[in-house]
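Coordinate analysis (summary)
Residues per chain are reported as follows:
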Amino acid sequence: MNQQVIHPMVKLQRQVRSLVDSNLIKPTDSIWKIAFLYGDEWPHWKQELQAYDFTMQDPVIDLLEVEAWEDEE
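Residues numbered from 1 in each chain as written. Predicted model: local features only at pLDDT ≥ 70, side-chain atom pairs only at ≥ 80, totals over all residues. Heavy atoms only, no water.

What to know about helix H3 (residues 42-51)
Along H3, the residues classified as buried are Trp42, Trp45 and Leu49. Buried residues of H3, seen end-on, are gathered within an arc of 65° and therefore sit on one face of the element. Pointing more than 90 degrees away from the buried face of H3 are the exposed residues Pro43, Gln47 and Ala51. Summarising the contacts, the buried residues of H3 are in contact with helix H1 (8-21), helix H2 (35-38) and helix H4 (60-64). (Buried < 20%, exposed > 50% of the residue type's maximum accessible area, 1.4 Å probe, protein only. Helix = DSSP H or I, 4+ residues; strand = E, 2+ residues; numbered from the N terminus. Arc of directions from axis to C-beta. Contact = heavy atoms within 4.5 Å.)

Here's the deal with the packing of aromatic side chains
Considering all chains together, one arrives at three aromatic pairs under this definition. Residues Trp32 and Phe36 carry aromatic rings whose centres are separated by 5.8 Å and whose planes lie at 80° to one another, so their mutual orientation is edge-to-face. A centroid spacing of 6.2 Å and a plane angle of 45° characterise the contact between Phe54 and Trp69, whose relative ring orientation is tilted. Of this pair, Phe54 sits in the loop between H3 and H4 while Trp69 sits in the segment after H4; the two residues are 15 residues apart in sequence, bridging distant segments of the chain. For the pair formed by Phe54 and Trp69, the shared burial category is buried. (Phe/Tyr/Trp six-rings, centres within 6.5 Å; stacked < 30°, edge-to-face > 60°.)

Quick look at H1
The terminal C-alpha atoms of H1, which comprises 14 residues, lie 20 Å apart, in line with the 20 Å expected from a rise of 1.5 Å per residue. Where H1 is buried, its residues meet H2, H3 and H4. Where H1 terminates, the next one or two residues include Asn23, which has phi positive at roughly 60°. (Expected span 1.5 Å × (residues − 1).)

Digging into the pattern of salt bridges
Inspection of every chain in the model, using the stated rule, returns one salt bridge. Here Lys33 ties to Asp29 by a salt bridge, and the two come within 3.5 Å at their closest N and O atoms. On the basis of relative accessibility, which here comes to 12%, the residue Asp29 falls in the buried class. (Salt bridge = Lys/Arg side-chain N within 4 Å of Asp/Glu carboxyl O.)

Section: the environment of Glu65
Its place among the elements puts Glu65 in the segment after H4. The class of Glu65 is exposed, set by a relative accessible area of 53%. For the pair Glu65 and Gln13, spaced 52 residues apart in the sequence, the C-alpha separation amounts to 9.1 Å.

Written as structure tokens, this is what we have:
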């Protein structure tokens, strides 16, 4: 059985999309607002986001608009 592994950033992106769809955050809110919802996991996600050149002041919509997450080799 060939099972595709979902990139961790795709999972984060889906979770954030769900937060926007539920009106818990707005697409124009800064990324740092999701820190409150991730608690102890936030330092990991913050580091991941920064590795993709996001700043915590970037709007959530920028995260949601990424179509493909490429890992640098």
